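Letter by letter, the chains look like this.
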Amino acid sequence: MIGDAVFKGEKDMPEMPVTIGKMNDNKTGGWRNIAPVINIDKCSGCMICWKFCPDVSIQIVAELPVINYDYCKGCGICSVECPKNAIEMVVEDK
Amino acid sequence: MKTVLTGNYAVSYGAKLAGVQVIAAYPITPQTQIVEKLSEMCAKGELNARYMNVESEHSALAACIGASATGARAFTATSSHGLAYMHELLHWTSRARLPIVMANVNRAMGPGWNVWVDQNDSLSQRDTGWMQVYCKDNQEVIDSIIMAYKISEKVLLPTMINLDAFVLSHTSEPVEIPEVEKVKEFLPSYSPEIRLDIDDPRTFGTLAGPEVYSEFQYKIQKSMEDAETVIKDTCADFKDFFGRSYGMVEAYKLDDADEVIIATSTMAETAATAADRLRSGGVKVGVLRIRYLRPFPAEEIYGLIKGKKRVIILDRNISFGAQGIFCQEVRAGVYGRPCAPDIYGYILGLGGRDVTPDKIINIYKDIKTSSDSAKRMYWGDIKL
C-alpha cells in the first residue's frame, strides 16, 4: 500500500484496493538503477524525449527538457530516442 | 401490461428500467439484438445513457469498469467467445468491487463453431468472483436484471444474468414489463462511498502486497456469503412490489418426492414436464432448479434433497476429464452430510441439442436399470 496507512486486520481496510493519496505520492524514482543525464549543449529543444517519456518525468522549462528524478525509473527510452545523442544513461551509486 | 418480448429484448427493457447510465458492448450472435435495442433506445432519447461503441468485448468491460468506478450504473452484454475475451476484466470487476451487471446469452464454445445453447461459456468464468444467475423464462430475465442491480450495489460484487441461446434469446413470450415508477422506488439510485472523482484524487486498483492481499480476498468471500441473505431479502422485496417470486433455487413438487431431478435454465422447465408425466405413471418425482451458481446455495440444496432416494443432475456443460459442473457443485455441497442421496450425473443438450421430456424420462428409466451412482457421469443423449 502507498502512504503511511497501517492495517491491523480486514475491518480497518476499505472494500477495494484504493489509496487515500494520489499516484503522485508514489515516488517511483527509487526504482532507478541508471539515470538519464542531459548534455544541454547538444540539446536542440526538439522535445522528442518529452513526448516519449512513458512516465511523464520530463518537463519542459524555458523550452529545454528537465528530468524529474522523483519519478524517472531510468528506462532509457529518452536516451535512445534523442536525435542529437544528448542524453547519456549513467549508473547511479546509491 | 403484458408485452410479447424475446429474451434479448427482455434484457434490453430490463436494463432500461434499471436506469443504466453507461452501456458499452460489442455485438455477437446470439446477443446482438440486446445491444441493438439499447442503442436504438439511446438514439431515440428514450434512455438517457451514454452508449459506447467499442472495438472488442475486452474494451467493453474495461469501459464499464471505468464508468462504474465513477459511480455510474454500467451495463454490458455478451455471449460465448465474447465472454471468454472479457476474462481478465471479469476478475478486475469483482476485485475492484464494482456492481456491474451483464447479460450473457449461454452459447457453445468453438470449434466446432456453434451458436446454440450450452453453458460452458459462463461456467468457465465460475471463479472470477461474479454472482451468476440462470433464467428459465423471459419474465425471469427482465426481473433478474432489475434485481441484480439492487443486489450487486449492496454486496459490491458484479452479477451475470444468463439466458439460453435461442431457446430464450430469440423466442417470444408474454412478459409483464414492470412500471417505471415502481422500479424507481424498488431500485434507488446508486451512490458509492468511494468513487473515482477528479476533485478528490485517489489511486484505484493500487498495489496490494502480501501484507494486505489475503484480507481483500477474505472480504470478497465474506460478501459472497452475505449475498445469500441480500438475495433472499431482495427477492422478498421484489415479490412485495411486483408479485412475482424468486429465490436462489426453485422447488417443483419436492415435498412428497422420492426422487429429484436437478436442472438449470430452460431445461428445468422441460424436467418439470417430464416429472408430471412420470407422476401420472405413479412415481413421485420432483424437480429442483438451481438459479444461482454463485453464491452457491449448497445449504438450501442439501435441505431439499437430504433423505431422498435418488437425485439425477442434468448438465448442459462439461468439465473435460471430470464431470458436469453443476453435478460437481452439488456433490461437493452435500459430501459427507448425513442422509445425502445417491447422485447420478448426466450430460446432455450440448451445443443446442434439443432436450425433450422424453429424453429426460429415458434417463430416469436408465438409472433404474443400469446406472451406478459411484460413476462420475453418464452421457444422456450421445449417438454411439
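Every value quoted in this text rests on a predicted model; they were computed, and no experiment measured them.

Undergrad: Can you explain the overall build of chain A? Please cite residues and give values.
TA: When helices and strands are tallied, chain A shows two helices and four strands. The principal-axis extents of the C-alpha atoms in chain A amount to approximately 55 × 30 × 20 Å. Burial status across chain A gives 32% buried among its 94 residues. Averaging the locations of the 10 positively and 13 negatively charged side chains of chain A gives two centres separated by 2 Å.

Undergrad: Kindly report on the domain arrangement of chain B, identifying the contributing residues and their values.
TA: Residue and element names in this part refer to chain B. Split into domains, chain B comes out as domain 1 (2-242) and domain 2 (249-379). Its C-alpha centre places domain 1 at a distance of 28 Å from the equivalent point of domain 2. Contacts between the two partners involve 30 residues from domain 1 and, on the opposite side, 25 residues from domain 2. Regarding the contact of domain 1 and domain 2, the summed buried area is about 2,400 Å², with carbon and sulfur atoms giving 53% of it. Joining domain 1 to domain 2, the criterion identifies 19 residue pairs in polar contact (both at pLDDT 80 or more). If you list the elements that add at least two residues to the side of domain 1 that touches domain 2, you get α6 (120-123), β6 (131-134), α7 (138-155) and α9 (213-242). Residue contributions to the side of domain 1 that touches domain 2 peak at six residues, all from α9. Partitioning the side of domain 1 that touches domain 2 into residue classes produces 17 nonpolar, five polar and eight charged.

Undergrad: I'd like a rundown of helix α11 (residues 298-305) of chain B, residues and numbers included.
TA: Residues and elements named next belong to chain B. Of all the positions in α11, only I301, Y302 and I305 are classed as buried. Down the axis, α11 shows its buried residues gathered within 100° of arc, on one side only. Residues of α11 that are buried sit in contact with β9 (249-252), β10 (259-263), β11 (285-290), β13 (310-315) and α12 (325-334). Positioned one or two residues after α11, G307 has a phi angle of 85°, which is positive.

Undergrad: Lay out the environment of D41(A) with the relevant residues and their values.
TA: You can see D41(A) is positioned in the loop between β1 (34-38) and α1 (48-52). Spatially, the C-alpha atoms of D41(A) and I87(A) are 11 Å apart, while their sequence positions differ by 46 residues.

Undergrad: Account for the sheet that holds strand β4 (residues 74-79) of chain B, naming residues and giving values.
TA: Residue and element names in this part refer to chain B. Read from one edge to the other, the open sheet built from seven strands follows the order β3-β2-β4-β5-β7-β6-β12, with strand pairing classed as mixed. Edge strands, defined here as strands with exactly one partner in the open sheet, are β3 (50-53) and β12 (292-294). Recorded for the sheet is a direction-independent mean angle of 20° between the axes of neighbouring strands. Bridging between β6 and strand β7 (residues 159-164) involves four bridges; their strand directions are parallel. Considered in β7, the bridge of Y134 is made with N162. Where helix α3 (residues 57-69) meets the sheet, its contacts fall on β2 (22-25), β3 and β4, and the angle it forms with β4 comes to roughly 160°.

Undergrad: Give a detailed account of the packing of helix α1 (residues 7-17) of chain B against helix α2 (residues 32-44) of chain B, specifying residues and quantitative values.
TA: Residues and elements named next belong to chain B. Running from N to C, α1 and α2 cross one another at 40°; their axes reach a closest spacing of 8 Å. Comparing their axes, α2 and α1 come out oblique. Judged by the twist between their axes, the crossing of α1 over α2 is right-handed. Contacts between α1 and α2 involve N8, Y9, V11, S12, Y13, A15 and K16 from the first element and Q33, I34, K37, L38 and M41 from the second. Class assignment of the residues belonging to the contact of α1 with α2 gives a composition of seven nonpolar, three polar and two charged.

Undergrad: Can you tell me about the pairing of strand β5 (residues 101-106) of chain B, naming the residues and giving the values?
TA: Among the six residues that make up β5(B), six are buried, leaving the element largely enclosed by the rest of the structure. Here β5(B) shows two buried faces, one formed by V101(B), A103(B) and V105(B) and the other by M102(B), N104(B) and N106(B).

Undergrad: Report on the interface of chain B and chain A, specifying residues and quantitative values.
TA: If you look at the interface, chain B gives 19 residues, while chain A gives 15 residues. Summing both partners gives a buried area of about 1,800 Å² for chain B against chain A, and 66% of it is carried by carbon and sulfur. Its largest share of buried area at the contact with chain A, chain B owes to T203(B), F216(B) and K219(B), together 33% of the area lost on that side. Summed over the shared surface of chain B and chain A, the result is three salt bridges. When the shortest N-O distance is used, the salt bridge between E15(A) and R97(B) registers 3.0 Å. Taken together, the connections running from chain B to chain A amount to five residue pairs in polar contact (both at pLDDT 80 or more). Broken down by element, the side of chain B that touches chain A gets its largest block of residues, five residues, from α9(B). Taken together, the residues of the side of chain B that touches chain A break down into nine nonpolar, four polar and six charged.

Undergrad: Break down the state of the cysteines for me, citing the residues and quoting the values.
TA: Counting across every chain of the model gives zero disulfides over all chains. Here C46(A) stays free of any disulfide, with the sulfur of C82(A) as its closest cysteine sulfur at 6.2 Å. When its relative accessible area of 38% is taken as the criterion, C46(A) is described as partly exposed. No disulfide involves C42(B); its sulfur sits 12 Å from that of C64(B), the nearest cysteine.

Undergrad: Break down the packing of aromatic side chains for me, citing the residues and quoting the values.
TA: Residues and elements named next belong to chain B. Going through the model one piece at a time under the given rule, you end up with eight aromatic pairs over all chains. Centre to centre, the rings of F238 and Y246 are 6.0 Å apart; their planes meet at 65°, and the pair counts as edge-to-face. Judged on exposure class, the residue F238 and its partner Y246 are both buried. Judged by centre distance (5.9 Å) and plane angle (35°), the ring pair of F241 and F242 falls under tilted. Among the aromatic residues, those joined into a cluster by ring pairs are F186, F238, F241, F242 and Y246. Across from the ring centre of W113, 5.2 Å away, lies the NZ or CZ of R107, which sits over that ring. The ring of F186 carries the charged tip of K150 above its face, separated from the ring centre by 4.3 Å.

Undergrad: An account of helix α5 (residues 87-95) of chain B is requested, with residue identities and associated values reported.
TA: Residue and element names in this part refer to chain B. Among the residues making up α5, those that are buried are L89, L90, T93 and S94. The arc enclosing the buried residues of α5, seen along the axis, measures out at 140°, which places them on a common side. Looking at the buried positions of α5, the neighbouring elements they touch are α3, α4 (80-85), β5, β7 and α9. Looking at the residues trailing α5, positive phi occurs at R97, about 60°.

What counts and what doesn't
Residues numbered from 1 in each chain as written. Chains lettered and ligands numbered in written order. Predicted model: local features only at pLDDT ≥ 70, side-chain atom pairs only at ≥ 80, totals over all residues. Heavy atoms only, no water. Helix = DSSP H or I, 4+ residues; strand = E, 2+ residues; numbered from the N terminus. Buried < 20%, exposed > 50% of the residue type's maximum accessible area, 1.4 Å probe, protein only. Lys, Arg positive; Asp, Glu negative; His and termini not counted. Charge placed at Lys NZ, Arg CZ, Asp CG, Glu CD. Domains from an automatic or database assignment. Contact = heavy atoms within 4.5 Å. Buried area = accessible area lost by both parts, 1.4 Å probe. Polar contact = N/O pair within 3.5 Å; in protein donor to acceptor, adjacent residues only side chain to side chain. Nonpolar A, V, L, I, M, F, W, Y, C, P; charged D, E, K, R; others polar. Arc of directions from axis to C-beta. Pairing = 2+ DSSP bridges. Axes fitted to C-alpha atoms, helices over the stretch in contact; angles between N-to-C directions. Parallel < 35°, antiparallel > 145°, perpendicular 65-115°, else oblique. Left-handed = near helix turned anticlockwise from the far one by under 90°. Salt bridge = Lys/Arg side-chain N within 4 Å of Asp/Glu carboxyl O. Disulfide = S-S within 2.5 Å. Phe/Tyr/Trp six-rings, centres within 6.5 Å; stacked < 30°, edge-to-face > 60°. Lys NZ or Arg CZ within 6 Å of the ring centre and 35° of its normal.

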